[in-house]
Structure formats: C-alpha cells, structure tokens
Amino acid sequence: MFRIIFGALLLLGALRFVSKGWVEQLYILPNYHFGYLGFEWVQKLPGNWMYLPFIVMIITALLIIVGYFYRFAITLFFLCFTYVELIDKSYYLNHYYFVSLMCFILIWLPANRYFSLDVARNRVSEQHVVPYWTIRLIQFQLGLVYFFAGLAKLNSDWLIEGQPLGIWLQAHHNIPLVGPLLQEKWMAIAFSWAGCFYDLFIVFFLLAARTRKFAYFFVVFFHLVTWYLFPIGVFPWVMIFSTLIFFSPNFHERLLRRIQLLFGKDKSLDSGTTASSTPFPARRWVTMTIGLYILFQLVVPFRYLLYPGNLYWNEEGFRFSWRVMLMHKEGHAVFYLKDKKTGRESEINNAKFLTRTQEDQMATQPDMILQYAQFLKSHYQGQVLHFGDQKFTIEDPAIHAEIYVSLNNRLSQKFVDKRHDLTTFAYDLKHRKWLEPFNE
Amino acid sequence: MKRLVSLLLILAFTLGCNKDPDDPKPEFNKATLLSNISGEIILPSIAQFSADLNNLSAVYSQFSTDQTQANFVGVQEAIQTAYLTWQTVKIFDFGPIRTNGIKSAIGTYPSDTAVIASNIASGSYNLSSLSNADAIGLSALDYLFFKQGALNELQTNANYLTYAGDVIAKMVAEFAVVTNQWTTYKATFDASKGTSSTSAFSEFVNEFNRDFELAKNAKIGIPLGKQSLGIQLPEYIEARYSGISLDLLEESIRALQKVYNGVGFTSGVNGQGFDDYLVHLEKEQLDATIDNGFTAIINKTVSFTNTLEQEMAVNIPQLDVLYSLLQGHVIHIKTDMTSSFGVLITYQDNDGD
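Residues numbered from 1 in each chain as written. Chains lettered and ligands numbered in written order. Predicted model: local features only at pLDDT ≥ 70, side-chain atom pairs only at ≥ 80, totals over all residues.

A few words on the overall build of chain B. Along the backbone of chain B there are 15 helices and 0 strands. Going through the 353 residues of chain B one by one, you find that 46% of them count as buried. For chain B, contacts bridging at least 24 residues in sequence account for 74% of all contacts bridging at least 6. (Helix = DSSP H or I, 4+ residues; strand = E, 2+ residues; numbered from the N terminus. Buried ≥ 20, exposed ≤ 12 C-beta atoms within 10 Å, placed from the backbone. Contact = placed C-beta atoms within 7 Å.)

Dropping the structure here:
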C-alpha cells in the first residue's frame, strides 16, 4: 500500500515540477550551478536533455505504483531524483532530501511482493508477510524527520520571539476572521509552540495504537494548515500520506480492497495478509547496513555542534538536518572584481551569471558565497575587458564582497566585509572565520 | 492525550498573552494599500503618460507640417514631459506593462545611435524586431530631437522625420493597450494580496526594489564606471543629448518615495503605502530610515547644478557620495523592508531554510 501511495506522490511531484516550467527555469536556463561539496562533478545535461531524467521519473513512478519491474523502477527513480537534486544546492529543500532517502530505503524493501504486477506476472513470488523491520525502518525515517524538526525548534527565536512564523503569519491578514488574529505576536508564539510540540511528540502518538487515530487527525490538520499558509509544495501531502504507514496491516488491507473494487475486479484478496513477523532481518550484513544508516541519520543533524557561533547566521551544518521553517533570511550582496595589477575595481552584476533564485539563496549562505567568488575568479582570470577606448587584461583578479543580511525579523547586519579577498579562502567544511559575527 | 494537547495549547496561548498584553496595532490592510496604489498612483500615472504621449504625437504632427523652431521646441518639451512621467510608470513592471514588454520598449537606454542612423539611411526597418530594441523609445527620441543639428536634420532629411514619427507612433499604439488592459487588471491587482511570489503584492514589492536598483545602477553607477573598473562610460548616460539625466534620477527617486508612502500621483493625498505596513509591524524606526533615505538622495541629486556628463568631468567625489547613498538605501528597502513583509523573492517551493 505504501508503495502505491508513495509512487503516486512521486508521480505528482515530478509532473508538478515539469508543468510549472521549473525544468527550464531552474536547470536549463542558468549558466552556473552551485554544486555540493564533493559532488561538483554532477553536471546538468545539455539543453532540453534535462527533461530526460524527469521523463524517466514519471515513467518509473508509474511502474512503482503498479509494481511492475519494481526494484528496477525505484532504483532508477532514486538515481534520477538524486541526480537532479545534486546539480544545484540553491534548490535544496528538506523534503527533497526526504524523498531521496525514502526512495533509497524503498530500493531494499520487498514492496512489490503483494498487489503488484510483478506478482501477477509471476516475476516474483507473492509474499503476504513482510519482515517487521521494513515497516519499522520507514517509520523510523518519518519519525526522525518530525523529531529533529521539533528539536531544531527549541531555540529562542522560535519559542520566545515567535519568529520567523511571525513574519509569515502576519502576511496573511486578509484571511477572513483569522486574519486579524494572525497579526498578533502571541498568535505567532502559540503557533510556534504548537508546531514544536507537534513535531516532537507526534511520532509517539502515532506509534501507540490507542492514540493513533487521534494523532493522525492532527497530522492531517497540521499539514493542511501549513499547506494553506506556506508555499511548501507537495511536502504536506507527502507527510499526510506517508504517515499512514503507522496504521495496522488490516487498515491497509481494507484500503487495497477498495482500490480493487474500484477497478471492478471481484477476485477477493486472501485475508490476514501483510501481518508482520520477524523483528530483524535474517542476514547479518543487512542488519549492519541498516544499523549504519540509522546511526548516520542520527548523527548528521548534530554536526552543527562542531561549529562555533550562531547556526542560523553561519549556516554551518545546516542542511540535511530537518531544520524546516526555521529561518527568514534576506540578503543583499555586492561583489567586486579587483584587478590587483592596476588596483582598479568593478561591481559585478550578479544577474549576468545567476538567476534571481540563485542570487537570493547565495546572498545568505556562506558556502555559496565562496563558490560564487571562485567562479567569478575563474571567469575573469585572463579576460581582456574593454571599456571605452581602454583595455585591461585581468591577470590576477581578487574578489571582494559586501553583504548585508537580515535574519528573522531583525534589522540587517553586515554579513561579509569588503576587506576580504574571498578567493583566498578554501571552500571546505571548516569554520568560516571571515563571516562577521552575529549580534543579537 | 486530548487533555494534554489542550493543556499545552492553553499554556502556549497564555504564555504568549502574558508576554504581550494586548498592545493595539495600528490599522493596516494590504487590500487598502493595493487599491490605493492602483487607484491613486498607477492608474493616474498611466493616464498622465498616455496624455503625454498623445500630446507628443500631436505636437509632432504640428511640427512635421510646419517645421518652425517654435514647433521644434514644442516637441522637445513634450518629450521631456513624457520622460518625467515615465519615471513613475516604469516602477510598475508587472501585469499589462510586463506582458506587453513596455518597460523595455519605452525605457531602454542608451540608444544604439549607429542602428538608428542606418535605419534612417535605409528607410526600411521593423521597429518591433529585436535588432531594433536599442533604437526605439524615449531614449531614441532624446537622440533624434536633442542631438547637435537635430532641427536641421528633421527639416532636410525626410527619412529622419519619418523615423521619429514612427518611434512616437509605436509608443502611442503600444501604451494604448496598457491603458486599456489596466482598466480590467485593476480588479485582479487589488484582489491579489497573497504572499505567493506570483501574487500582485509580491510582484509589486519586487519590482519596486528592482526599479530602485535599476535607477542606482543604470542612471548613475554604470556611467560613473562602477561596473567598468572605474572607467567612466558617458555613452551610457540616460538622456545624454538633452542633458536631463539628473532630473530624471530626481524624479525617479521622488516617484519611488511617493509610492513608498502611498502618496497619490495627482491628488497628493497620503494614503496607505509600504510605510503604513512597516508602522503596523511596529517598525517605525525603519520607516523613518527609509523615508529619510529617499529625501537625502533627492537632496543630494538636486545639489548638482550641471548635467551629469559635466559633473562627471569635474565632480567625481560628490557623485560618489550620491552613489553611496543609493547603495546604502538598497539594503534598507530590499533586505529590511522586504523581509519584514514576508514576501518571497524566489519562485519555487520553500521550506524556510
């Protein structure tokens, strides 16, 4: 059942992405992409070939739904999806990361052993009982997302200032009845506390049979509210449907039967299926791999502890940590090209190299600022620039930047000072000392 | 469980309440702001610009039948009047102005005088073609009517006179479409007060920022050499031939300040604008900073007595001061103001990270 729901969501997501023209806007038109550290070798396909991974995703999502060549399809989908995400981190979203992880998990699960074309065509034998750990693994991943999102909310901006929710909520003052209420600070704080409480504890209520139905009602309610108020795409739907995994096998059985009736088949399913049995996978290396995966998932969100300074300002160890809806950051970045030979300096028109999304993301994220500076250096190095009747050969360019950033409703502060030549800094995972300190 | 949830919710509510015992927020309504901007600024400025263009068209025909010095000056004045009104209209590069490509068709500068000259020489051209993008609009008229010996050329070269007429006719025709479409688009604009990047309010805030940045870069920065290793580029000066560049800058900043404050284009009445929104958000200080910033830029601009080109030859330090004022102001409106409104600049999904 989970396979069908998730497949449908994947299909929906891919179709939505294409239909909004984002393939062209995000991947075909830009000249430069912000690769991930260690994954810069991931390059986009030339021109309209970029549609290819999306077409593959749509086809494989269909295969996943019907359960035909399932393992092949989910693997291919995972590869395409992750490939697309790895091209440019300007577009990083926690829920894309979540989808990637889910697909990865699903590769290893026997999700095609029941109610699938693979079974109908005798590609694999039917299996009514799945090992309990497979379901547990998915539940773990979902729970992790919620729980870490909750943990991340335990900070003073969120709990005491009600920010950034305050900014986002006040913008909705035209909603009838509720609109005026959303203007109030206490409302933002109430939303913040409720959201934090929800994220931290919802998993436990979903796990307990007694509270499950009630908790699920909250899941639907919570995500519908976020879907209505914030532009977060398919994420609410992914969560609403994914959390169905917490329900009992009987529940899923009933759903499947409904689908079958929908298609007019009268062959009734065997009863008492998909019940769980073995708590652990049989083979040892599988246990080990899963253990490692779980450990990895538990540790990665905490890597920010290795860095000094304010996490939201420096953004060191920010991604891949389920920090959702936590920041409202707006920046303005002016980059300067300095010709060391003549000492002359030029402002760089960012729009010449970056799209608005990229520029907007780059201005507040230190790693991207460095990447962009390095790109500018390599772009200008050795270039001959003509201005009027004068000619300059740029042999040794330095790149400086003056950047101001506003974080969670505070007035903007200087983020990067113009005195640094950004090309002299290494782009790595070490703490970035060249950022201006954050003042409360 | 139920009890626990409600308990915590109550706790959260009371905590919130205690922190901020009902402080009255100044009344503000985004819908009022939008209808004030569209009704009191956009529509009147569009009507004015449309009237300016029609007047330009009329004085041009008068001149073409009776090519006197006085009629020539009449055309020159009509061009300058339209150029000044345009400083308000160009802020609103969304809706009909965007879909009809008006900002680039009318406001692109500098003109490519070589293309204009070759068009005139050949006498055959399609002004809508991409290759003529820099040979049309107000900037082309500035060249055609203000360059050295313009009157003589107009009187002696029939192609030159026709070309000027065609440039005017193109603007009149295209802008008539905008005037017409805005009468129905107003309702759409007024109703679109959401926070998504495609809502009219978001587009409006974004274009407001963009227009300011464009004024900073194109009107001052680029000619001054800010993007060319300090080498001045006088050929990039807006309205170089008439020399009204600084008047246009002043008018542009005034227009932006009025939009910021929600001051009616013809009425002069101060209605709801971005300033009221900031005050509603309890950011009076930021509001004052922004309003004073606009005034400081205007005061600096009017302190120059010569044309921009003349000032560039002798008065670089003071122009640098003006440029820094513009530069610093971007941070207030683009970073501080825009982030306070919760408006998204980007167009994709976002989960706030």
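Having put the structure on the table, let's press on.
So, about the overall build of chain A. If you tally the helices and strands in chain A, you get 18 helices and 6 strands. Computed over C-alpha atoms, the radius of gyration of chain A comes to 25 Å, within 12% of the 22 Å expected from 2.2 N^0.38 for 440 residues, which places it in the range of a compact globule. Overall, the C-alpha framework of chain A stretches about 85 × 50 × 45 Å when taken along its three principal axes. Counting all 440 residues of chain A, 40% fall into the buried class. Restricting the contact set of chain A to residue pairs at least 6 apart, pairs at least 24 apart contribute 63%. (Rg over C-alpha atoms; globule rule 2.2 N^0.38 Å.)

Residues and elements named next belong to chain A. Residues of helix H13 (residues 235-242) that are buried: Phe 235, Pro 236, Val 238, Met 239 and Ser 242. All buried residues of H13 lie within an arc of 160 degrees about the axis, which places them on one face of the element. Summarising the contacts, the buried residues of H13 are in contact with helix H1 (2-19), helix H5 (94-108), helix H7 (132-152) and helix H12 (212-229). (Arc of directions from axis to C-beta.)

Our next topic: the sheet that holds strand S6 (residues 413-416) of chain A. Residues and elements named next belong to chain A. Strand order in the open sheet made by the 4 strands is S2-S1-S5-S6, with antiparallel pairing throughout. Either end of the sheet is taken by a strand with one partner, and the two such strands are strand S2 (344-347) and S6. Across the sheet, the mean angle from the axis of one strand to that of its neighbour is 25 degrees, orientation sign disregarded. Relative to S6, strand S5 (residues 397-407) runs antiparallel, the two being bridged by 3 bridges. Among the inter-strand pairings, Tyr 404 is bridged to a residue of S6, identified as Lys 414. Sitting on the sheet, helix H18 (residues 366-380) touches strand S1 (329-339), S5 and S6, and the angle it makes with S5 is about 155 degrees. (Pairing = 2+ DSSP bridges. Axes fitted to C-alpha atoms, helices over the stretch in contact; angles between N-to-C directions.)

Our next topic: unusual backbone geometry. All names here are of chain A. The omega torsion of the bond from Gln 163 to Pro 164 falls at 5 degrees, within 30 degrees of zero and hence cis. On the secondary structure map, Pro 164 appears in the loop between helix H8 (156-161) and helix H9 (165-170). Residue Phe 320 is not a glycine yet carries a positive backbone phi of 55 degrees. In this structure, Trp 322 takes a positive phi of about 60 degrees despite not being glycine. For Trp 322, the location among the structural elements is in the loop between helix H16 (311-314) and S1.

Before going further, it helps to examine the environment of Arg 319 of chain A. By secondary structure assignment, the location of Arg 319 of chain A is in the loop between H16 and S1. Separated by 225 residues in the primary sequence, Arg 319 of chain A and Asn 94 of chain A place their C-alpha atoms 7.6 Å from one another.

The subject of this paragraph is the domain arrangement of chain A. How big an interface is tends to be stated in terms of accessible area lost as the parts join. Under the domain assignment, chain A is made up of domain 1 (1-130 + 248-279) and domain 2 (328-424). In terms of residue class, the side of domain 1 of chain A that touches domain 2 of chain A is built from 4 nonpolar, 2 polar and no charged. (Domains from an automatic or database assignment. Nonpolar A, V, L, I, M, F, W, Y, C, P; charged D, E, K, R; others polar.)

All names here are of chain A. Two elements, S1 and S2, share 4 bridges in a ladder whose sense is antiparallel. Within the sheet, the bridge partner assigned to Lys 338 lies in S2 and is Glu 345. Here S1 folds back onto S2, and the loop between the two strands holds 4 residues, one of which, Gly 343, carries a positive phi near 75 degrees.

We now examine the packing of helix H3 (residues 69-89) of chain B against helix H11 (residues 245-261) of chain B. Residues and elements named next belong to chain B. Running from amino to carboxyl end, H3 crosses H11 at an angle of 35 degrees, the nearest separation of the two axes being 8 Å. Crossing of H3 against H11: the hand is right-handed. Residues Tyr 83, Leu 84, Gln 87 and Thr 88 of H3 form the contact with H11, whose participating residues are Leu 248, Glu 251, Ser 252 and Ala 255. Counted by class, the contact of H3 with H11 contains 4 nonpolar, 3 polar and 1 charged residues. (Left-handed = near helix turned anticlockwise from the far one by under 90°.)

All names here are of chain B. Confidence in the prediction for chain B averages 90 pLDDT; 88% of positions are at 70 or higher. A low-confidence stretch, residues 1-24 stays under pLDDT 50, and its non-local contacts, those more than four residues away or across chains, total 22 contacts. Here the predicted complex carries an ipTM of 0.86, next to a pTM of 0.88. (pLDDT = per-residue confidence, 0-100.)

Let us now look at the pairing of strand S4 (residues 390-393) of chain A. All names here are of chain A. Where strand S3 (residues 384-387) and S4 come together, 4 bridges link them in antiparallel fashion. The partner of Leu 385 across the bridge, within S4, is Phe 392. In this antiparallel pair of consecutive strands, S3 and S4, the connection spans 2 residues, and Gly 388 shows a positive phi of 60 degrees.

With that settled, consider the packing of H1 of chain A against helix H3 (residues 51-66) of chain A. All names here are of chain A. Their axes nearest at 8 Å, the elements H1 and H3 cross at an angle of 160 degrees. One element, H1, and the other, H3, form an angle in the roughly antiparallel class. When you trace H1 past H3, the crossing you get is left-handed. Across the interface between the two elements, Arg 3, Ile 4, Gly 7, Ala 8, Leu 10, Leu 11, Ala 14, Leu 15, Phe 17 and Val 18 from H1 touch Phe 54, Met 57, Ile 58, Ala 61, Leu 62, Ile 64 and Ile 65 from H3. Along the lines of polarity and charge, the residues of the contact of H1 with H3 split into 15 nonpolar, 1 polar and 1 charged. (Parallel < 35°, antiparallel > 145°, perpendicular 65-115°, else oblique.)

A separate point is the confidence of the model for chain A. Overall, the predicted model of chain A reaches an average pLDDT of 86, with 95% of residues at or above 70. Low pLDDT, under 50, characterises residues 266-277 of chain A; the stretch is placed with 23 contacts to residues that sit more than four places away or in other chains.

Within the fold, Ser 339 of chain B resides in helix H15 (residues 316-341). Given 24 C-beta atoms within 10 Å, Ser 339 of chain B falls into the buried group. Apart from the residues lying within four places of it in its own chain, the contact partners of Ser 339 of chain B are His 328, Glu 330 and Ser 406 of chain A.

Further remarks concern the environment of Leu 161 of chain B. Residue and element names in this part refer to chain B. Within the fold, Leu 161 resides in helix H9 (residues 158-191). Leu 161 sits in the partly exposed class, given 19 other C-beta atoms within 10 Å. In sequence terms Leu 161 and Leu 84 are 77 residues apart; their C-alpha atoms lie 23 Å from each other. Excluding residues within four positions of it along the chain, Leu 161 makes contact with Ser 64 and Leu 154.

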